[in-house]
Amino acid sequence: MRISDASLPGELAKLGVAVRAGVWLAELTSLGIGGTTDLLRITRHDSIPTLVELLEERQIPYRFLGGGSNLLVGDGELPWIVLQLAKPEPDVTLDGNFAHVDAAADLGRTVTYCAKHHLGGMEGLIGVPGTVGGALRMNAGAYGMQIGSYVREVKLYRTAKRRIEILRGEQISFEYRHTSFAADDMMLAVTLELPSKPYQEILQGIRICNQKRRSSQPLGQKSAGCIFKNPPGASAGRMIDELGLKGLSVGDARVSDRHANFFVNAGQASAKDMLRLIADVRSRVEQAYGLKLENEVVVWNA
Ligand code: EPU
């Protein structure tokens, strides 16, 4: 979607919002899939309520984009624009065992920055791509830990209430790859409380997780991480693998040979290809196991 209103760019500039016209979202997503739209980059959190008001007055639909690493975006000209936070400098500040982190901060860099200051706990998240805001919204986790365990406070824009709010950790529920945030809440910043640990010890934990990840996941390829959530007590990857579906393809969308719950873009896959592959695998698993796999990847398809 293109912003056609000529008066808007001037008003956006006053809010510290930069417009990038006709951005190809395939370049902003780890899957390398997604059509084109205008992108607005936000430099000041406090401008968001006015920005949203402006867009709604002009009936311009919008979505909030994080790091694009757990996202499957539709093809072609997209029917909404995209809002994204610009990364401030610094994006992490430490105060004792508390880390105040901007939602636009890179998750992996945040983990290593905290580690260097002897704050641990998040070693398992080291190889998870994306922003801290995205990790928070999905309650990203790996190797027995999840980010929600360390959240003490979250600053967010609540679209339903048209305002910025601060929630305490106890007001949010963090479950397996799910949180109580609304789909249109925009994460702005988080305070994490992390356990003190010597850097060398954290580094050792990070090395072990990196090694496990490298040996079991297709890290060099374009993917959105795991496509399906694990059903309670089961592994989606193992079930898909047991059905012999590694390598199954629709166009360039392909079930990874390394980990069957990773679907990779092996070339020029379209969203249509990827969605057909997801539907096909879901129905084969359902036929074989009587279990309907739920998406872990977020789909923005129209
Ligand atoms: N397995 C197979 N074949 C496969 C893949 C896995 O047999 O192709 C088996 C493994 O051998 C293992 C079991 O299935 O016995 C579980 O596999 P793995 O340890 O790789 O973990 P997972 O349950 O598939 C989860 C998360 C990952 C996270 C890892 C490590 C989900 C959906 N996935 O994967 O998170 O990195 O554990 O903690 O919860 C993601 O969220 O995008 C993601 C990749």
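Residues numbered from 1 in each chain as written. Predicted model: local features only at pLDDT ≥ 70, side-chain atom pairs only at ≥ 80, totals over all residues. Heavy atoms only, no water.

Participant: Which parts of the structure should I look at to understand the site of the ligand?
Facilitator: Surveying the vicinity of the ligand reveals 20 residues, the closest of which are Y143, Y176, N230, R238 and D241. With respect to the ligand, the side chain of R213 contributes an N or O atom lying 3.4 Å from an oxygen atom. At 2.6 Å, a side-chain N or O of R238 approaches an oxygen atom of the ligand. Looking at the shell around the ligand, the elements with two or more residues in it are strand 15 (222–226) and helix 6 (236–242). Among the elements that line the shell around the ligand, the one with the most residues is helix 6, at 3 residues. (Near = heavy atom within 4 Å. Polar contact = N/O pair within 3.5 Å; in protein donor to acceptor, adjacent residues only side chain to side chain. Helix = DSSP H or I, 4+ residues; strand = E, 2+ residues; numbered from the N terminus.)

Participant: Just to check I follow, could you spell out the sheet that holds strand 11 (residues 163–168) for this structure?
Facilitator: Strand pairing in a sheet relies on backbone hydrogen bonds, with the paired strands running either antiparallel or parallel. Read across the sheet, 5 strands follow the order 6-7-14-10-11 without closing on themselves; strand pairing throughout is antiparallel. Each of the sheet's edge strands pairs with one partner strand only, and the pair in question is strand 6 (92–95) and strand 11. Averaged over neighbouring strand pairs, the angle between their axes works out to 15° when direction is ignored. In terms of strand pairing, strand 10 (residues 151–158) meets strand 11 through 6 bridges, oriented antiparallel. Its bridge partner lying in strand 11, E153 is registered against R168. Taken strand by strand, helix 2 (residues 48–57) contacts strand 10, strand 11 and strand 14 (185–193), and its axis lies near 30° from that of strand 10. Strand contacts of helix 3 (residues 107–116): strand 6 and strand 7 (98–102), with the helix running at about 30° to strand 6, the strand carrying the most contacts. (Pairing = 2+ DSSP bridges. Axes fitted to C-alpha atoms, helices over the stretch in contact; angles between N-to-C directions. Contact = heavy atoms within 4.5 Å.)

Participant: Help me understand the layout of surface pockets in this model?
Facilitator: Rolled over the atoms, a probe as big as a water molecule pinpoints where empty space is left. Reported here for the second largest pocket is a volume of approximately 190 Å³. W24, A26, G32, Q268 and A269 are, among the 15 residues lining the second largest pocket, the residues nearest its centre. Looking at the lining of the second largest pocket residue by residue, the classes come out as 4 nonpolar, 8 polar and 3 charged. (1 Å grid on protein atoms, 1.4 Å probe; cavity = no way out; pocket = protein on both sides within 12 Å on 5 of 7 lines; lining within 4 Å. Points joined across faces, edges and corners; volume = space filled by probe spheres on them. Nonpolar A, V, L, I, M, F, W, Y, C, P; charged D, E, K, R; others polar.)

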